[in-house]
Each structure stands twice: as C-alpha cells, then as structure tokens.
Amino acid sequence: MWIGTKDGSVSVKSAYNFLCDRNPVNIPVDWKGIWYLNIMPRVKLFLWKTLSGCLPVREVLGRYTPIDINCPLCNNYVIETVDHLFTRCVFSEAIWRGLSFSQNFYSAANISYKNWCLMWLKDCTNRNFFAYVLWYIWKYRCKVVFDNVTPDPNDLIEFIKKDIPQYLRKSFRCSANLKSTSLCDAANLKSSLVCDISHPGCIHESFNRLQDVAYIYFDAAFQNKSNKFAYGIVEVNNEGLLVEFTRGTRWCSSAEEAESRACREATRWGQSS
C-alpha cells in the first residue's frame, strides 16, 4: 500500500510531496487550532505556510533556482529549512531567551517543527504570543535578506517587546466571548482565563507577571587574559517593556566571581533606582 496518501492511492502529486518530505501523513496538522487562534489573519496564513511546506525558505527556493541556501541569520553554513530557522537556529534561540521563553525553544530540540507547533498550540495561555514571535522572526529574516540588515538579536527582542502588546491586547477577548473562541476542553478552560499581558478593563486578576513590579536581568562576561569582566543590567516592567539599563566593567579572577559580582551590582543598582 502507498504510504504517501491516507487512502493508499498513488498520484504524481503525492509522490512529489513524499520525495520532498512535505507534510508527511503521519504528522496530522491541527488546522482548526490555527484558524481559531485570536491573531491577525496574516499570521494565521504564515503559520499555515510553515506547516504546509509553502514558506519560501532558501532550501525550498533552491530546488528551483541556483541560490545560496544557507541560513542568513546565523551564518553557520547550515541549510535554511523551516525546522532550522525556527527550532535550530542560534539567532532564534537568542530571541526566545531574550523574551524569557527559552524553555519553549529547547522543547523542540528532538522533535520536528510540526510536532513542536502541535505541542504549543495546546497551550491556551501563550499560543497567541508564540505565533506572533515566529512571525516576527520571519519578518526580520526577510529584512536581512532583502534590506541587507545585519542580524542583531537584541534589535528584534526590543522591537518585539515594544510592538507585540498592541496585538495581544486586540487579540485577547475576555470572558464574554470566551466560549466561542476557546478551543480548550473543560479541564483546560481555567488556563484560558489568564491574560498574556495586563490590559485596561480586563476582568481577570491573574497574570503571567505580577503587576506594579520591576524585573531586573543581568549577565556578565569574563576575559581570562586581562582578569576583567563586563556586565549588563536591564530593568523591565510587568509588560516586558524596557525601563532602564546600565553596564560597566570590573576586575575579578574567575567567571564565577564575575557572575556573583554582577549579581551584586544588579542588586545595588535595583535598590538605588
């Protein structure tokens, strides 16, 4: 029996798709889960393209024309596929880490992009946010390719933090429309009542982040030759928007000491700000 189609019948189209590894039949896609997301139609279409093998990544375009098929974001001489771009690329990893959702990225380490999407589509709390982040990564990738922008994860992270709240506010519907929009079963219905971000007039009290608090993140880099380290500290509000930042250099004897001293600097800076 032919495994390229569900009914076992052979066709030229099914043979071509099978040879190109386009949407294998053993990975059913929850199309309804995509179309019912509370996101912009263009983002839904984008997700559909990524799961249907229609997104014009370089590996796909390279089948028809001789072009450079390496990933334009990480420059590691790795072929740009959908799986690489969204679940393997170090640039995408930096984006998820910068947005404090690195666990979502690392959960795709040993599975395909399609299976990864099917997994987070069940997350009623954060799936709209995840969909938008993938779309932002693709838009930025296109800027790199067509506008010759130098890839910088920090630029995209800051842009997402400033730009995405407007879309999440528009897409989130409070309990009046919850029954018509939620895809969760009764057991998971409670998780749908948690807003992605706080917004005016929302009737729900629980959020992913506490309100009226500041979040301080810090990191340090140590250089063995000079026994010198540099640190960076950022403060964001409950919506993830940048409030203030600082940086500096000091002397120390090890990477561990650099991290601990950076923690001390962040604590002091937070108390004084």
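Just so we're clear, the structure is a prediction, and the values are computed from it rather than from any experiment.

Counting residues in hydrophobic clusters, the biggest one holds 48 residues, and the most contacted among them are Leu47, Phe86 and Tyr132. Sorting the residues of this core by element identifies helix 3 (41-52), helix 5 (82-87), helix 6 (90-98), helix 8 (113-120), helix 9 (127-146) and helix 10 (153-171) as the ones contributing at least two each. Considering every element that reaches this core, the biggest residue donor is helix 9, with 13 residues. Apart from the residues lying within four places of it in its own chain, the contact partners of Phe86 are Phe46, Thr50, Leu55, Ser92, Trp96, Phe105, Tyr113, Trp116, Leu134, Ile137 and Trp138. Counting 10 residues, the second largest nonpolar core, distinct from the first, contains Phe222, Ile233, Cys252 and Trp269.

The next point concerns the pattern of salt bridges. What the rule picks out here adds up to 5 salt bridges. The salt bridge partner of Arg58 is Asp68, with a shortest N-O separation of 3.6 Å. Taken as a pair, Arg58 in helix 4 (residues 58-61) and Asp68 in the loop between helix 4 and helix 5 lie far apart in primary sequence, 10 residues in all. Arg261 is the salt-bridge partner of Glu257, the closest N and O atoms lying 3.8 Å from each other. Of this pair, Glu257 and Arg261 both sit in helix 12 (residues 255-272), 4 residues apart, roughly one helical turn. Given the relative accessible area of 24%, Glu257 is considered partly exposed.

Turning next to the state of the cysteines. Defined simply, a disulfide is a covalent bond joining two cysteines at their sulfur atoms. Within this structure, the stated rule accounts for 0 disulfides. Lacking any disulfide linkage, Cys74 is separated from the closest cysteine sulfur, that of Cys71, by 3.7 Å.

Turning our attention to the packing of aromatic side chains. Per the stated rule, a full pass over the model turns up 18 aromatic pairs. With 5.6 Å between their ring centres and 35° between their planes, Phe86 and Tyr113 make a pair best called tilted. Of the two residues, Phe86 sits in helix 5 while Tyr113 sits in helix 8, which places them 27 residues apart along the sequence. For the residue pair Phe86 and Tyr113, the accessibility class agrees, reading buried in each case. Grouped by ring-pair contacts, the aromatic residues Phe46, Phe86, Trp96, Phe101, Tyr113, Trp116, Trp120, Phe129 and Phe130 constitute a single cluster. Against the face of Trp135 rests Lys139, its NZ or CZ located 4.2 Å from the ring centre. The ring of Trp251 has Lys228 sitting right over it, with the charged end atom 5.5 Å from the ring centre.

Looking now at helix 9. Taking 1.5 Å as the rise per residue, helix 9 with 20 residues should run 28 Å; its terminal C-alpha atoms sit 29 Å apart, in good agreement. The buried fraction of helix 9 is high, at 16 of 20 residues. A positive phi of about 55° marks Asn148, the residue just after helix 9.

The next point concerns the side chain of Asp163. The residue Asp163 is located in helix 10 in this model. Comment: no salt bridge for buried Asp163; closest opposite-charge side chain is Lys139, at 5.7 Å. Side-chain polar atoms of Asp163 contact the side chain of Tyr136, separated by 2.6 Å. A polar side-chain atom of Asp163 sits 2.6 Å from a polar atom in the side chain of Gln166.

So, on to the pairing of strand 2 (residues 228-236). Strand direction decides the pairing type here: strand 1 (residues 215-223) and strand 2, joined by 9 bridges, are antiparallel. Opposite Phe218, over in strand 2, you have Ile233 as the bridge partner. Where strand 1 folds back onto strand 2 in an antiparallel hairpin, the turn is made up of 4 residues, including Asn227, whose phi is positive at roughly 55°. The sheet contact formed by strand 2 and strand 3 (residues 242-251) spans 9 bridges and is antiparallel. If you follow Val236 over to strand 3, its bridge partner there is Leu242.

Further remarks concern the side chain of Glu265. With respect to the secondary-structure elements, Glu265 resides in helix 12. Accessibility expressed as a relative area gives 13% for Glu265, which makes it buried.

This part takes up the packing of helix 3 against helix 8. Closest axis-to-axis distance for the helix 3/helix 8 pair is 9 Å, and the angle between their directions is 140°. Comparing the axis directions of helix 3 and helix 8 gives the class oblique. Viewed along their axes, helix 3 and helix 8 form a crossing whose handedness is left-handed. Here Leu47, Thr50 and Leu51 of helix 3 lie close against helix 8, whose contacting residues are Tyr113, Lys114, Cys117 and Trp120.

About the thresholds
- Residues numbered from 1 in each chain as written.
- Predicted model: local features only at pLDDT ≥ 70, side-chain atom pairs only at ≥ 80, totals over all residues.
- Heavy atoms only, no water.
- Core = buried A, V, L, I, M, F, W, Y, C linked by side-chain atoms within 4.5 Å.
- Buried < 20%, exposed > 50% of the residue type's maximum accessible area, 1.4 Å probe, protein only.
- Helix = DSSP H or I, 4+ residues; strand = E, 2+ residues; numbered from the N terminus.
- Contact = heavy atoms within 4.5 Å.
- Salt bridge = Lys/Arg side-chain N within 4 Å of Asp/Glu carboxyl O.
- Disulfide = S-S within 2.5 Å.
- Phe/Tyr/Trp six-rings, centres within 6.5 Å; stacked < 30°, edge-to-face > 60°.
- Lys NZ or Arg CZ within 6 Å of the ring centre and 35° of its normal.
- Expected span 1.5 Å × (residues − 1).
- Lys, Arg positive; Asp, Glu negative; His and termini not counted.
- Polar contact = N/O pair within 3.5 Å; in protein donor to acceptor, adjacent residues only side chain to side chain.
- Pairing = 2+ DSSP bridges.
- Axes fitted to C-alpha atoms, helices over the stretch in contact; angles between N-to-C directions.
- Parallel < 35°, antiparallel > 145°, perpendicular 65-115°, else oblique.
- Left-handed = near helix turned anticlockwise from the far one by under 90°.

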